[in-house]
Amino acid sequence: MLDLNKLARQMQGLSQHLTLEAVASRQRLELAQQYLKQAYDSQQDLIERQEKWRDRIIFANATPTEPLETCIDIPVPPKIHTVIATDGSQIAPNHHEIAYCYLLNIGRVVLHYGQNRQPLLDSLPEVFYRPEDLYMSRQWGIKTEEWMGYRRTASETTVLAELACAAKTEAPTLAMVDGSLIYWFLEQLPIDARDRILPPILEAWQQMRDAQIPLMGYLSASRNIEGMNFLRLLACTHPVPDCQSYCPNQLEKVPCKVFEPLRDTALWVTQLKPGQRGPLWRSNNRILELYGDQIIYFCYVHVGAEIARIEVPAWVAEDTTMFDQALGLMLAQVQKGYGYPVAIAEAHNQAVVRGGDKARFFALLERQMIKAGLRNVGTSYKEARKRGSIA
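Residues numbered from 1 in each chain as written. Predicted model: local features only at pLDDT ≥ 70, side-chain atom pairs only at ≥ 80, totals over all residues. Heavy atoms only, no water.

- Per an unreviewed UniProt entry, the chain carries the name DNA double-strand break repair nuclease NurA and comes from Halotia branconii CENA392.

See below:
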């Protein structure tokens, strides 16, 4: 139980800290704006330096594929269209429950606009209980709970592709997921583990590519700094951006880190008006070397309530008509959802496993175990005590 009286004594110090940090943040933002204006004129030179020294640069940075001063109004989408989204949640395995297993639940949403067609709002649950499902990841030193999250990511994408290819509509269609299309966690995985997660995802993307249905990742409150890191090339105080030679083993105290911890969104909110997007960028994250020709591009969009980061595969970014139309459908979703895409929000609502759902899941499991002839079925004393207090 939280003691608010004790907590209140710490609030004054926190308030003073936040006031000082706000001042410092404004100063960093003003500096970033100055560097951005300088980069307008030297953009091509910076890109050439970036490409030449990319193997010597030790921080993640993206490449702008349009002029940095780009501010484009997003077009109004057609009234007749379809939006598809998936999201997932899970019940993690627990040794104190009646059985050691886990459940993935993938929320599915298909919304048809102007077509007089019923929407799809449901979820697909899947229970994993076999030893090869529960303990496979341990050979790679990966916890079951973490592996479950990776499997969920792959399942969300596979289900999304199935929905997209089964939509059977002539209307413009957009497939959306919540979060990034750059799966950073793959960098930490052994090759054998990675090969069980990434190939199904890329295959699902290819299916949507063949069906000519654009795929989009929507990131709210993005913490990414790939764009700010491009400006670090301009802030570099050395003759060339050779980090490994000039700044070895100096990840924190380096001369070019003049903006940290400023995020991309903090800069682009000063450049864009509601309904506009900034320049298109190509991500250079090393994990994308495994994506083949499905490299990820991104841009920042002022959706009204915030600056959202929008990610798409190369085949969407390179098709101007498809990309513009996808952005229009996305912005309409945000407006319908009062600040967040309604299809993604509904997919989350369909996927989320609430306390009552969890109790019913284990009650159903208990009945099946008793029906199978198992005895002494029940939760551990620890779990039973945690669910209620006698104090």
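**Section: the overall build of the chain**
No. 1: Across its full length, the chain carries 13 helices and 11 strands.
No. 2: Residues classed as buried in the chain amount to 45% of the 391 residues present.
No. 3: Considering only intrachain contacts with a sequence separation of at least 6, the fraction spanning at least 24 residues in the chain is 76%.
No. 4: Within the structure as shown, the chain displays about 20800 Å² of accessible surface, and the carbon and sulfur contribution to it stands at 51%. (Helix = DSSP H or I, 4+ residues; strand = E, 2+ residues; numbered from the N terminus. Buried < 20%, exposed > 50% of the residue type's maximum accessible area, 1.4 Å probe, protein only. Contact = heavy atoms within 4.5 Å. Areas by Shrake-Rupley, 256 points an atom, 1.4 Å probe, with all protein chains shown as cover.)

**Concerning the environment of Asp210**
No. 1: Counting through the fold element by element, Asp210 comes out in helix H5 (residues 198–210).
No. 2: Counting along the chain gives 45 residues from Asp210 to Cys165, while the straight-line C-alpha distance between them is 9.1 Å.

**Description of the nonpolar core**
No. 1: Ranked by size, the top nonpolar core spans 70 residues in total, and within it Trp205, Met208, Met216, Tyr218, Ile310, Leu327 and Met330 carry the most contacts.
No. 2: If sequence neighbours within four positions are ignored, Met216 has contacts with Leu174, Ala175, Met176, Val177, Ile310, Glu311, Val312, Ala326, Leu327 and Met330.
No. 3: Within the second largest apolar cluster, 28 residues are counted, among which are Tyr35, Ala39, Ile47 and Ala235. (Core = buried A, V, L, I, M, F, W, Y, C linked by side-chain atoms within 4.5 Å.)

**Focus: the side chain of Thr153**
No. 1: Within the secondary structure, Thr153 sits in helix H3 (residues 144–166).
No. 2: Thr153 has contacts with Tyr183, Phe185 and Ile201, leaving out every residue within four places of it along the chain.

**Some remarks on the packing of aromatic side chains**
No. 1: Within this structure, the stated rule accounts for 12 aromatic pairs.
No. 2: Here Tyr218 and Tyr340 contribute two aromatic rings whose centre-to-centre distance is 5.6 Å and whose plane-to-plane angle is 90°, an arrangement assigned as edge-to-face. Here Tyr218 is found in strand E7 (residues 215–219), whereas its partner Tyr340 is found in the loop between helix H10 (320–336) and helix H11 (342–351), with 122 residues between them in sequence.
No. 3: Residue classification places Tyr340 among the partly exposed positions, given a relative accessible area of 23%.
No. 4: Their ring planes at 5° and their centres at 6.1 Å tell us that Trp281 and Phe298 sit as a pair that is stacked. With Trp281 in strand E9 (residues 281–282) and Phe298 in strand E10 (residues 296–302), this residue pair connects regions lying 17 residues apart in the sequence. (Phe/Tyr/Trp six-rings, centres within 6.5 Å; stacked < 30°, edge-to-face > 60°.)

**Observations regarding unusual backbone geometry**
For residues besides glycine, phi is generally negative; the peptide bonds are generally trans as well.
No. 1: Here the amide bond leading from Glu260 into Pro261 is cis, since omega sits at 5°, within 30 degrees of zero.
No. 2: Along the chain, the position of Pro261 falls in the loop between helix H7 (243–246) and helix H8 (264–268).
No. 3: Its identity is not glycine, yet Asn116 carries a phi of approximately 55°, on the positive side.
No. 4: Structurally, the position occupied by Asn116 is in the loop between strand E4 (102–113) and strand E5 (120–128).
No. 5: Despite not being glycine, Ala221 shows a phi value in the positive range, around 55°.
No. 6: By the secondary structure assignment, Ala221 is in the loop between E7 and helix H6 (226–235).

**So, the environment of Lys273**
No. 1: Structurally, Lys273 is set in the loop between H8 and strand E8 (276–277).
No. 2: Distance from Lys273 to Cys71, taken between C-alpha atoms, is 8.3 Å for residues 202 residues apart in sequence.

**Description of H10**
Each α-helix winds once per 3.6 residues, and so residues spaced three or four apart point in a common direction.
No. 1: In this model, H10 (17 residues) spans 24 Å end to end at C-alpha, consistent with the 24 Å of a helix rising 1.5 Å per residue.
No. 2: What H10 keeps buried is the set Met322, Phe323, Ala326, Leu327, Gly328, Leu329, Met330, Leu331, Ala332, Gln333 and Val334.
No. 3: Of the residues trailing H10, Tyr338 is marked for its positive phi of about 55°. (Expected span 1.5 Å × (residues − 1).)

**Description of the pairing of strand E11 (residues 307–313)**
No. 1: Burial analysis of E11 places seven of its seven residues in the buried class, the great majority of the element.
No. 2: Summarising the sheet, E7 and E11 pair through three bridges and their orientation is antiparallel. Each residue of the ladder has a partner; that of Tyr218, found in E11, is Ile310.
No. 3: Of the strand pairs in this sheet, E10 and E11 are connected by seven bridges, and their pairing is antiparallel. Within E11, the residue paired with His302 across the bridge is Ile307.
No. 4: Linking two consecutive strands that pair antiparallel, namely E10 and E11, is a turn of four residues; a positive phi of about 110° is found at Gly304 within it. (Pairing = 2+ DSSP bridges.)

**Some words on H5**
No. 1: Given a rise of 1.5 Å per residue, 13 residues ought to cover 18 Å, and the 18 Å separating the end C-alpha atoms of H5 matches this to within 8%.
No. 2: Where H5 is concerned, the buried positions are Leu198, Ile201, Leu202, Ala204, Trp205 and Met208. On an axial view of H5, the arc spanned by its buried residues comes to 155°, and they lie on one face. More than 90 degrees from the buried face of H5, the exposed residues found are Glu203 and Asp210.
No. 3: On its buried side, H5 packs onto H3, strand E6 (173–178), helix H4 (191–194), E7, E10 and helix H9 (314–317). (Arc of directions from axis to C-beta.)

**Details of the pattern of salt bridges**
No. 1: Evaluation of the coordinates by the stated rule reveals 11 salt bridges.
No. 2: Between Lys6 and Asp3 there is a salt bridge whose closest N-O contact spans 3.8 Å.
No. 3: Judged by its relative accessible area of 33%, Asp3 is partly exposed.
No. 4: Measuring nitrogen to oxygen at the nearest pair gives 2.7 Å for the salt bridge that ties Glu311 to Arg309. Accessibility classification places Glu311 together with Arg309 in one group, the buried group.
No. 5: Each of Glu226, Arg309 and Glu311 takes part in a single network of salt bridges with overlapping partners. (Salt bridge = Lys/Arg side-chain N within 4 Å of Asp/Glu carboxyl O.)

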